[in-house]
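Observations on the model geometry
Take a look at the letters that make up each chain.
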Amino acid sequence: MDRMLGEARALGLDRVLLACEADNTASAKTIERLGGVLEDIRDTELGPARRYWITL
């Protein structure tokens, strides 16, 4: 995921939106460790998803 954030920085993005399944605690912890701030949990076609913003 660090590599993906580096790519986003190289593209000049200020922030990125990451999502994971609501019950995927490992992904949620990883996103939060990288600075992700939970925006909300939304219902999707595939089930509930946590949405996080990371400021670059």
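Residues numbered from 1 in each chain as written. Predicted model: local features only at pLDDT ≥ 70, side-chain atom pairs only at ≥ 80, totals over all residues. Heavy atoms only, no water.

This part covers the pairing of strand S3 (residues 47-55). Here 7 bridges tie strand S1 (residues 15-21) to S3, and the two strands are oriented antiparallel to one another. Across the sheet, residue Cys-20 finds its bridge partner in S3, namely Arg-50. Pairing analysis gives 7 bridges linking strand S2 (residues 37-44) to S3, with the strands arranged antiparallel. Bridged to Asp-40 within S3 is Arg-51. Counted along the chain from S2 to the antiparallel partner S3, the turn is 2 residues long. (Pairing = 2+ DSSP bridges. Helix = DSSP H or I, 4+ residues; strand = E, 2+ residues; numbered from the N terminus.)

For the rest of this paragraph, the subject is the nonpolar core. Here is a general trend for soluble globular proteins: nonpolar side chains tend to be buried in one another's company. Membership of the largest hydrophobic core is limited to 10 residues, which are Leu-5, Ala-8, Val-16, Leu-18, Cys-20, Ala-28, Ile-31, Leu-34, Tyr-52 and Ile-54. Elements that contribute at least two residues to this core include exactly helix H1 (2-10), S1, helix H2 (25-33) and S3. With 3 residues, the single largest contributor to this core is S1. (Core = buried A, V, L, I, M, F, W, Y, C linked by side-chain atoms within 4.5 Å. Buried < 20%, exposed > 50% of the residue type's maximum accessible area, 1.4 Å probe, protein only.)

A separate point is the packing of aromatic side chains. Counting across every chain of the model gives 0 aromatic pairs. Directly above the aromatic system of Trp-53 lies the positively charged group of Arg-15, at a separation of 3.7 Å from the ring centroid. (Phe/Tyr/Trp six-rings, centres within 6.5 Å; stacked < 30°, edge-to-face > 60°. Lys NZ or Arg CZ within 6 Å of the ring centre and 35° of its normal.)

The antiparallel open sheet is built from 3 strands, whose spatial order is S1-S3-S2. The open sheet has two edge strands, S1 and S2, and neither has a second partner. With direction set aside, neighbouring strand axes in the sheet form an average angle of 25°. Strands in contact with H2 are S1 and S3; relative to S3, the strand with the most contacts, it is inclined by about 15°. (Axes fitted to C-alpha atoms, helices over the stretch in contact; angles between N-to-C directions. Contact = heavy atoms within 4.5 Å.)

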